[in-house]
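Okay, here's what each chain looks like letter by letter:
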Amino acid sequence: MDNFAAILRDRVMTMRGVVRHEYDRDNANVFDVGSSTDGVLFLDAGLVKCLRDGPDGRQVLLHLVRPGELFGDFPMAGVRSSHAHAILPSVVYEIPRAD
């Protein structure tokens, strides 16, 4: 994790309302298309793939999320436009939207 990611991680740990999620199996579902975007996600450990369904029905890889990165659609979108699956045992923090 680089210096910026370490600073971001420290900041996330002190925020109110942050929820920790652990995914311990391969291809564990983190979120689905259409689920609400009440906040953003921070990957603390592991590896997550973000996918979207292509026009032919196959999934298209959008991004591999690495530790120290924020991911997920931002709260202004209302609902998520992609899927996310942990492909290694992962720890994700959900950072709620500030009202």
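Before reading on, note that the structure itself is shown above.
Quantities reported herein were computed from a predicted structural model and do not represent experimental measurements.

### Thoughts on unusual backbone geometry
Among all residues except glycine, the phi angle is most often negative; among peptide bonds, the trans geometry is most common.
So, point 1. Even without being a glycine, Asn27 presents a positive backbone phi close to 70°.
So, point 2. The partly exposed category is assigned to Asn27, whose relative accessible area is 38%.

### What about the nonpolar core?
So, point 1. Val30, Val48, Phe71 and Ala84 are the most contacted members of the largest nonpolar core, which has 13 residues in total.
So, point 2. Examining the composition of this core, we find that three residues originate from one element, strand 2 (residues 28–31), more than from any other.
So, point 3. Apart from the residues lying within four places of it in its own chain, the contact partners of Val48 are Val30, Leu43, His63, Leu64, Val65, Phe71, Ala84, His85, Ala86, Ile87 and Ser90.
So, point 4. One finds Leu8, Val12, Tyr93 and Ile95 within the second-largest nonpolar core, a separate group that totals seven residues.

Cut-offs applied
- Residues numbered from 1 in each chain as written.
- Predicted model: local features only at pLDDT ≥ 70, side-chain atom pairs only at ≥ 80, totals over all residues.
- Heavy atoms only, no water.
- Buried < 20%, exposed > 50% of the residue type's maximum accessible area, 1.4 Å probe, protein only.
- Core = buried A, V, L, I, M, F, W, Y, C linked by side-chain atoms within 4.5 Å.
- Helix = DSSP H or I, 4+ residues; strand = E, 2+ residues; numbered from the N terminus.
- Contact = heavy atoms within 4.5 Å.

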